[in-house]
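# Coordinate analysis (summary)
One-letter residues, chain by chain:
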Amino acid sequence: MTQQLAHSPARLLSARRLLLGCGIVAGPMYVTVALAQAFTREGFDLARHPWSFLANGELGWIQTANFVLTALATIAAAAAGLRRSLSPGRGARWAPILVGAFGASMIGAAIFPADPAMGFPVGTPEGPGTVTLSGTLHMAVGGVGFLCMVAACFVIASRQARAGRKGWAWYSRVTGTLFLGSFAGIASGGGVAWANLAFIAGIVAIWSWLSLVSLNLSRHTA
């Protein structure tokens, strides 16, 4: 019994690092799978088509699975890894909730795929196309998730600033601001190339931020 108790802290530490590991790999997995499809799916144009469009067509199940698996990894990192590593202290409550909400929004995005439009998948007429209930819900849950992730950046930044980690605090603030700006751009850009490419950059930035924060917390977990 004593030996089991002695090993419990070590097991808890390993479990926490494993869950933070989900936060480390979630973003690279999502970006890699999405880009692999973007460069190989016939008719897909990175400058014109959001990655959500990849969930349409015969091979759409790949992006749907990408949404779900990335979401589960993000939720695991938020609900357990971030919550345990940040507690106690500023942001220990809200940061995991906000990141977890972002993960949950990806499951919503998988359940409600974006509407085919702008010639993708091949055979789809050019132009914005018909907006369906599924497409509307996709945009709604995605928007909520993106805003939650922006808020998470600033919550973590507040904690980092309080701890005297000014470099990390500024990195979190800049990432949140850039992601918010890129989201606003694509929401109002109407398929403009610069807005779509800026949003891709914003996605890469926010996932890189989550990976680096998770990695940093994992290294300092004790």
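Just above sits the structure.
A quick note: this is a predicted structure, and the numbers were derived from the prediction, not measured.

### Concerning empty space enclosed by the protein
All told, the structure shown has one cavity of 30 Å³ or more when counted by the stated rule. Lining of the largest cavity is provided by H49, P50, W51, I186, N196, F199, I200 and I203. The element best represented in the lining of the largest cavity is helix α6 (residues 193-219), accounting for four residues. Broken down by class, the residue content of the lining of the largest cavity amounts to six nonpolar, two polar and no charged.

### Some thoughts on the nonpolar core
If you look at the biggest cluster of nonpolar residues, it comprises 47 residues, and the most contacted ones within it are Y30, F44, W51, M149, F179, W207 and W209. It is α6 that provides the largest number of residues to this core, a total of nine residues. When residues no more than four places from it in sequence are discounted, the contact partners of F44 are A38, H49, P50, W51, F53, L54 and F120.

### Some details on the packing of aromatic side chains
For any two aromatic rings, the description comes down to two numbers: the centre-to-centre distance and the angle of the planes. The tally for this structure, following the rule as stated, stands at eleven aromatic pairs. Ring centres of F146 and F179 lie 5.4 Å apart, and the angle between their planes is 85 degrees; on these two criteria the pair is classed as edge-to-face. Of the two residues, F146 sits in helix α4 (residues 133-162) while F179 sits in helix α5 (residues 166-189), which places them 33 residues apart along the sequence. It is R93 that lies over the ring of W94; its NZ or CZ is 5.8 Å from the centre. Positioned above the aromatic ring of W170 is the side chain of R173, whose terminal nitrogen or guanidinium carbon lies 5.1 Å from the ring centre.

### Digging into the layout of surface pockets
If you add up the space inside the largest pocket, you get close to 930 Å³. Taken together, 37 residues line the largest pocket, and the ones lying closest to its centre are P50, F53, H138, M139 and I186. Of all the secondary-structure elements, those providing two or more residues to the lining of the largest pocket are α3 (94-111), α4, α5 and α6. Looking at which element gives the most residues to the lining of the largest pocket, the answer is α4, with six residues.

The rules behind each value
Residues numbered from 1 in each chain as written. Predicted model: local features only at pLDDT ≥ 70, side-chain atom pairs only at ≥ 80, totals over all residues. Heavy atoms only, no water. 1 Å grid on protein atoms, 1.4 Å probe; cavity = no way out; pocket = protein on both sides within 12 Å on 5 of 7 lines; lining within 4 Å. Points joined across faces, edges and corners; volume = space filled by probe spheres on them. Helix = DSSP H or I, 4+ residues; strand = E, 2+ residues; numbered from the N terminus. Nonpolar A, V, L, I, M, F, W, Y, C, P; charged D, E, K, R; others polar. Core = buried A, V, L, I, M, F, W, Y, C linked by side-chain atoms within 4.5 Å. Buried < 20%, exposed > 50% of the residue type's maximum accessible area, 1.4 Å probe, protein only. Contact = heavy atoms within 4.5 Å. Phe/Tyr/Trp six-rings, centres within 6.5 Å; stacked < 30°, edge-to-face > 60°. Lys NZ or Arg CZ within 6 Å of the ring centre and 35° of its normal.

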